Amino acid sequence: MREEMRSFLEEGVQQYLDAKNTVATFEHQMGQLLAEAVRRRRQWSPLDDTPRAGRPSPGGGSGGYGYWIWVPITGQTKTYKKVYIECGLWWEVPTTTELKIDGPIIYGAYYDMPKHIIAFSWKRNVGNIRSFQHYGRTFLCVPLRRPQEIEGSLNRLLDALLKELR
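Residues numbered from 1 in each chain as written. Predicted model: local features only at pLDDT ≥ 70, side-chain atom pairs only at ≥ 80, totals over all residues. Heavy atoms only, no water.

Caption draft 1: Examining the overall build of the protein chain more closely. For the protein chain, the helix and strand inventory stands at 2 helices and 7 strands. In the protein chain, the succession of helices and strands from N to C terminus is α-β-β-β-β-β-β-β-α. Along the first, second and third principal axes, the C-alpha atoms of the protein chain reach 65 × 30 × 25 Å. Residue burial in the protein chain is summarised as follows: out of 166 residues, 39% are buried. Taking contacts inside the protein chain between residues at least 6 apart in sequence as the whole, the part at least 24 apart equals 56%. As presented, the protein chain carries roughly 10,300 Å² of accessible surface, and 51% of it is formed by carbon and sulfur atoms. (Helix = DSSP H or I, 4+ residues; strand = E, 2+ residues; numbered from the N terminus. Buried < 20%, exposed > 50% of the residue type's maximum accessible area, 1.4 Å probe, protein only. Contact = heavy atoms within 4.5 Å. Areas by Shrake-Rupley, 256 points an atom, 1.4 Å probe, with all protein chains shown as cover.)

See the structure below:
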C-alpha cells in the first residue's frame, strides 16, 4: 500500500457503508423526481394514449461513459408501431461528443425505435436545447442546475423529441 493512501483507506473502511447508502438514496430520490415528471406529463401527441414509463435506473461508472439515472418510455403512433424514448440525468457525458458539456445534463433521445429517427438532425435553437450524436443516436439536452428544474426541462426535451415523429 502506498503510504499517501493509508489514511484515506483507513477512513474509507469506516465510512464506506454510509457513503454507499448516501449515493443509493440520492440515486433513488433523483430517479423519483424524474419518474414523477414523466408521470405528470399530460401532452404526449402524436403518441396514442398515454405511453408507458418504466422504472428509473442508475447506471455508468465504467468505460468513460459517465453516470446516469434514466427512465424508458414506450408508446406508439398511427405511423410507428413502436416508439422507445430514453430520458434522464447524466453526469460526465463522454468527451468524445462534439459538444463540450460541463456539469450534469437532463437529456432525451430515441433509444432504438423508430429506427430511421434515432439519429435525426437537430439544428434548431429552441429553448436552449443542445444536441450531440453518440452511440449512433441524437441526444437532446439542457444543463441541470437544480433538481426543481427537472420537470420543466424534461417537458421541453420531450416536446422537441415528439415533434420529430410528425
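Caption draft 2: Geometry of unusual backbone geometry. Following serine 45, the chain continues to proline 46 via a peptide bond in cis, the omega torsion being 15°. Along the chain, proline 46 falls in the loop between α1 (6-40) and β1 (52-53). Residues methionine 113 and proline 114 are joined by a peptide bond in cis, for which omega reads -10°. Looking at the element boundaries, proline 114 is found in the loop between β5 (105-113) and β6 (130-134).

Caption draft 3: Fine view of α1. In this model α1 runs 49 Å from its N-terminal to its C-terminal C-alpha over 35 residues, within 8% of the 51 Å that 1.5 Å per residue would give. At glutamine 15, α1 shows its maximal kink, close to 60°. Packed against the buried residues of α1 are β1, β3 (67-75), β4 (83-91) and α2 (150-163). (Expected span 1.5 Å × (residues − 1). Bend = angle between axes of the 7 residues up to and from the residue.)

Caption draft 4: How the structure looks around the environment of valine 13. One can find valine 13 in helix α1. Separated by 58 residues in the primary sequence, valine 13 and valine 71 have C-alpha atoms spaced 33 Å apart.

Caption draft 5: Local environment of a nonpolar patch on the surface. Together, Met1, Phe8 and Leu9 line one region of the surface with nonpolar side chains, adding up to about 360 Å² of accessible area. Considering the arrangement of structural elements, one finds leucine 9 in helix α1. (Patch = residues over 30% accessible without salt bridge, like charges linked within 9 Å, V, L, I, M, F, W, Y side chains within 5 Å. Salt bridge = Lys/Arg side-chain N within 4 Å of Asp/Glu carboxyl O.)

Caption draft 6: Here's a closer look at the packing of α1 against α2. Two numbers describe how α1 lies on α2: the axes approach to 9 Å, and their chain directions differ by 50°. Here α2 runs oblique to α1, going by the angle between their axes. Classified by chirality, the crossing of α2 by α1 is right-handed. For the pair α1 and α2, the contacting residues are Met30, Leu33, Leu34, Ala37, Val38 and Arg40 in the first and Ile150, Glu151 and Leu154 in the second. Of the residues assigned to the contact of α1 with α2, the class counts are 7 nonpolar, no polar and 2 charged. (Axes fitted to C-alpha atoms, helices over the stretch in contact; angles between N-to-C directions. Parallel < 35°, antiparallel > 145°, perpendicular 65-115°, else oblique. Left-handed = near helix turned anticlockwise from the far one by under 90°. Nonpolar A, V, L, I, M, F, W, Y, C, P; charged D, E, K, R; others polar.)

These values are about where atoms sit, not about what they do.
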